[in-house]
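Descriptive analysis of the structure
Each chain is listed here by its residues.
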Amino acid sequence: MVRALAVLLAQLVATPIVSETVETGDRGTINLATFECRDINRSTVLQRVCYDPTRHDLVVATGGFYARYCGIADKTVDQLLGAPSMGQFFNRHIRRETAGRRYDCSA
């Protein structure tokens, strides 16, 4: 038992750390190393929410696809995560179709 645990620990230490990237289609590949990600299981619209509080970037998975939004305030993300209906909040306040170019990323 001790030997098996030692082998497992050695494998974990030797395993390289690889940061996760996601493809956003029109915005390209994004490295999520600086993002705080949460899998969402209480919404039929959002599957995953990732936020970089330093850069104010939000990456969301909807319908199996990722999209990036820039200039999102911490307060807006808190409201999204705490909303009774995350999908309704997202659709009304963040989604490009309703927010226009407000959260477009320049780069």
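In this report, the structure presented in the accompanying data block is examined. (Residues numbered from 1 in each chain as written. Predicted model: local features only at pLDDT ≥ 70, side-chain atom pairs only at ≥ 80, totals over all residues. Heavy atoms only, no water.)

**Some thoughts on the overall build of the protein**
Of regular secondary structure, the protein possesses four helices and six strands. The linear arrangement of helices and strands in the protein, starting from the amino end, is α-β-β-β-β-β-β-α-α-α. Split into buried and exposed, the 107 residues of the protein put 34% on the buried side. Across the protein, every contact between residues at least 6 apart in sequence was considered, and the portion connecting residues at least 24 apart equals 35%. Per element, the accessible surface of the protein, about 7100 Å² overall, is 55% carbon and sulfur. (Helix = DSSP H or I, 4+ residues; strand = E, 2+ residues; numbered from the N terminus. Buried < 20%, exposed > 50% of the residue type's maximum accessible area, 1.4 Å probe, protein only. Contact = heavy atoms within 4.5 Å. Areas by Shrake-Rupley, 256 points an atom, 1.4 Å probe, with all protein chains shown as cover.)

**Description of the pairing of strand β6 (residues 65-70)**
Note: strand β5 (residues 57-62) against β6, six bridges, orientation antiparallel. Bridge pairing links V60 to A67 in β6. Linking two consecutive strands that pair antiparallel, namely β5 and β6, is a turn of two residues; a positive phi of about 60 degrees is found at G63 within it. (Pairing = 2+ DSSP bridges.)

**Observations regarding the packing of aromatic side chains**
Summed over the entire model, instances satisfying the criterion amount to one aromatic pair. Centre to centre, the rings of Y69 and F90 are 5.8 Å apart; their planes meet at 85 degrees, and the pair counts as edge-to-face. One end of the pair, Y69, is in strand β6; the other, F90, is in helix α3 (residues 86-93), and 21 residues separate them in sequence. There is no split in this pair, since Y69 and F90 are both buried. (Phe/Tyr/Trp six-rings, centres within 6.5 Å; stacked < 30°, edge-to-face > 60°.)

**With respect to the state of the cysteines**
Defined simply, a disulfide is a covalent bond joining two cysteines at their sulfur atoms. In total, this model carries two disulfides according to the counting rule given. Each sulfur in the disulfide pair C37 and C50 lies 2.2 Å from the other. Taking the sign of the S-S torsion, about 115 degrees here, the bridge from C37 to C50 comes out right-handed. Of this pair, C37 sits in strand β3 (residues 36-39) while C50 sits in strand β4 (residues 46-52), placing them 13 residues apart in sequence. The side chain of C70 participates in a disulfide bridge whose partner is C105; the two sulfur atoms lie 2.0 Å from each other. Looking along the S-S bond of the C70-C105 disulfide, the torsion reads about 100 degrees, which is the right-handed sense. Of this pair, C70 sits in strand β6 while C105 sits in the segment after α4 (96-99), placing them 35 residues apart in sequence. Neither C70 nor C105 differs from the other in exposure class; each is buried. Taken in sequence order, the bonded cysteines of the protein link in the pattern 1-2, 3-4. (Disulfide = S-S within 2.5 Å.)

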